[in-house]
Amino acid sequence: MHTVIEPKILYFGTSIVLISTLNPDGTPNLAPMSSAWWLNRSCMLGMSGKSQTVRNLLRHGECVLNLPSVDLIPAIDRLTLLTGSDPVPASKAERGYRYEADKFGIAGLTPTASHAVAPPRVLECPVQLEAKLVRAHPFEQPSSLVALEVAIVRVHAETSILSAQGSSYIDPAKWKPMIMNFCEYFGLGDQLSTSRLAPVFGPAASLPASSAPADSNS
Ligand SMILES: Cc1cc2nc3c(=O)[nH]c(=O)nc-3n(C[C@H](O)[C@H](O)[C@H](O)COP(=O)(O)O)c2cc1C
């Protein structure tokens, strides 16, 4: 039996992304978010325009999408209810947010230089995706939400999550993403079965990413 409900949010479970951007004074900002989806070498980020991250991206156009594994939940927790915006926007202050200039320091995370963009990577994250803003799509007017389309320009992966040394394939059995399911943290369960799509993109496929077919997520 089903019933009609009026949920406040529809966060059915997505990976957490830790976005690093540059503040106007050149210091790095760091923010957790989870409304992100992926298509080929692009990512769409759903964010409040009141966040410092969006301001930084619209001004400077560069970011790193750092993907934490489940063991970084304490660091994400330390960044929760913090903003790099000073003064704190009224709507955030009402919800208990406070300003924090040193997000890396308070999270206990280590900034490390990127290759193709200015914002730093998060050393502790097993996946670090350097990215550039393609365009911003206004979302659900008159709210401040915006969907930011970014192109991934460099992919860094910890060697322990690769299928083999020197491989460009991230082994799904080794990668342990942190999932936000509604507003709680989860990991993934065990693999349930094999997929007939896997061989198309798996270690056997030797196509370089740039020559993958345009609709390669389907
Ligand atoms: C686990 C988690 C997931 C979040 N997901 C999002 C999200 O998808 N979009 C968003 O705008 N804010 C999200 N937030 C809230 C932002 O982190 C928050 O707005 C923060 O103040 C942004 O930092 P900034 O203002 O320094 O950019 C999330 C927070 C947490 C802890």
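All values derive from a computational prediction rather than experimental measurement.

Quick look at the overall build of the chain now. Each helix and strand in the chain was counted, giving five helices and 14 strands. Taken over C-alpha atoms, the radius of gyration comes to 18 Å for the chain, in line with the 17 Å a tight globule of 218 residues would show. Over its C-alpha atoms, taken along the principal directions, the chain stretches across nearly 55 × 50 × 30 Å. The buried share of the chain, reckoned over its 218 residues, is 37%. Counting only contacts in the chain whose residues sit at least 6 apart along the sequence, the fraction spanning at least 24 positions is 60%. Working note: accessible area of the chain is about 12,800 Å², and carbon and sulfur atoms make up 58% of it. In the chain, 17 side chains carry a positive charge and 18 a negative one; their mean positions are 4 Å apart.

This part is about the layout of surface pockets. Taken as a whole, the second largest pocket encloses approximately 1,400 Å³ of empty space. Of all the elements in the fold, those that place two or more residues in the lining of the second largest pocket are strand 3 (28-33), strand 5 (42-48), helix 1 (52-60), helix 2 (73-79), strand 7 (82-83), helix 3 (90-94) and strand 12 (145-157). No other element matches strand 5, which puts five residues into the lining of the second largest pocket. Considered class by class, the residues forming the lining of the second largest pocket number 24 nonpolar, 14 polar and six charged.

The immediate surroundings of the ligand are formed by 22 residues, with Pro32, Thr53, Thr83, Gly84 and Lys92 found nearest. At 3.1 Å, a backbone N or O of glycine 46 approaches a nitrogen atom of the ligand. The contact in question runs from an oxygen atom of the ligand to an N or O atom on the side chain of lysine 103, over 2.8 Å. Across the complex, the protein chains shield 89% of the 620 Å² of accessible surface that the ligand would expose by itself. More than half of the atoms belonging to the ligand lie within 2 Å of the grid points that define the second largest pocket. Elements that contribute at least two residues to the shell around the ligand include exactly strand 3, strand 5, helix 1 and strand 7. A breakdown of the residues in the shell around the ligand according to their chemical character gives nine nonpolar, 11 polar and two charged.

Two modes of strand pairing occur in sheets, parallel and antiparallel, and in both the strands are linked by backbone hydrogen bonds. With antiparallel pairing, the seven strands of this open sheet are ordered in space as 3-2-6-11-12-5-4. Single-partner strands in this sheet number two, and they are strand 3 and strand 4 (36-39). Pairwise comparison of adjacent strand axes, ignoring direction, gives a mean angle of 30° for this sheet. Bridge count between strand 11 (residues 127-138) and strand 12: 11 bridges; the pairing is antiparallel. Within strand 12, the residue paired with leucine 129 across the bridge is valine 155. Across the sheet, helix 1 lies against strand 2 (17-22), strand 3, strand 5, strand 6 (62-67), strand 11 and strand 12, angled at about 50° from strand 2, the strand it touches most.

Right, let's get into the UniProt feature "domain: Flavin reductase like" (unreviewed entry) in the chain. With numbering matched to this structure, UniProt assigns "domain: Flavin reductase like" (unreviewed entry) to residues 12-159. A distance of 30 Å separates the end C-alpha atoms of residues 12-159, which is 18% helix and 43% strand.

Right, let's get into a nonpolar patch on the surface. Where nonpolar side chains cluster on the molecular surface, the patch consists of Leu10, Tyr11, Phe12 and Phe182 and spans about 430 Å² of accessible area. With respect to the element layout, phenylalanine 182 can be found in the loop between strand 13 (179-181) and strand 14 (184-186). Under the relative-accessibility criterion, phenylalanine 182 is labelled partly exposed at 32%.

A separate point is the side chain of aspartate 171. Tracing the backbone through its elements, the reader meets aspartate 171 in the loop between strand 12 and strand 13. Here aspartate 171 is buried and forms no salt bridge, its nearest opposite-charge partner lysine 174 lying at an N-O distance of 4.0 Å. A polar side-chain atom of aspartate 171 sits 2.9 Å from the main-chain amide nitrogen of alanine 173.

Reading guide: rules and limits
Residues numbered from 1 in each chain as written. Predicted model: local features only at pLDDT ≥ 70, side-chain atom pairs only at ≥ 80, totals over all residues. Heavy atoms only, no water. Helix = DSSP H or I, 4+ residues; strand = E, 2+ residues; numbered from the N terminus. Rg over C-alpha atoms; globule rule 2.2 N^0.38 Å. Buried < 20%, exposed > 50% of the residue type's maximum accessible area, 1.4 Å probe, protein only. Contact = heavy atoms within 4.5 Å. Areas by Shrake-Rupley, 256 points an atom, 1.4 Å probe, with all protein chains shown as cover. Lys, Arg positive; Asp, Glu negative; His and termini not counted. Charge placed at Lys NZ, Arg CZ, Asp CG, Glu CD. 1 Å grid on protein atoms, 1.4 Å probe; cavity = no way out; pocket = protein on both sides within 12 Å on 5 of 7 lines; lining within 4 Å. Points joined across faces, edges and corners; volume = space filled by probe spheres on them. Nonpolar A, V, L, I, M, F, W, Y, C, P; charged D, E, K, R; others polar. Near = heavy atom within 4 Å. Polar contact = N/O pair within 3.5 Å; in protein donor to acceptor, adjacent residues only side chain to side chain. Sits in = over half its atoms within 2 Å of the grid points. Pairing = 2+ DSSP bridges. Axes fitted to C-alpha atoms, helices over the stretch in contact; angles between N-to-C directions. UniProt positions renumbered as here; feature names shortened; annotations may be inferred. Patch = residues over 30% accessible without salt bridge, like charges linked within 9 Å, V, L, I, M, F, W, Y side chains within 5 Å. Salt bridge = Lys/Arg side-chain N within 4 Å of Asp/Glu carboxyl O.

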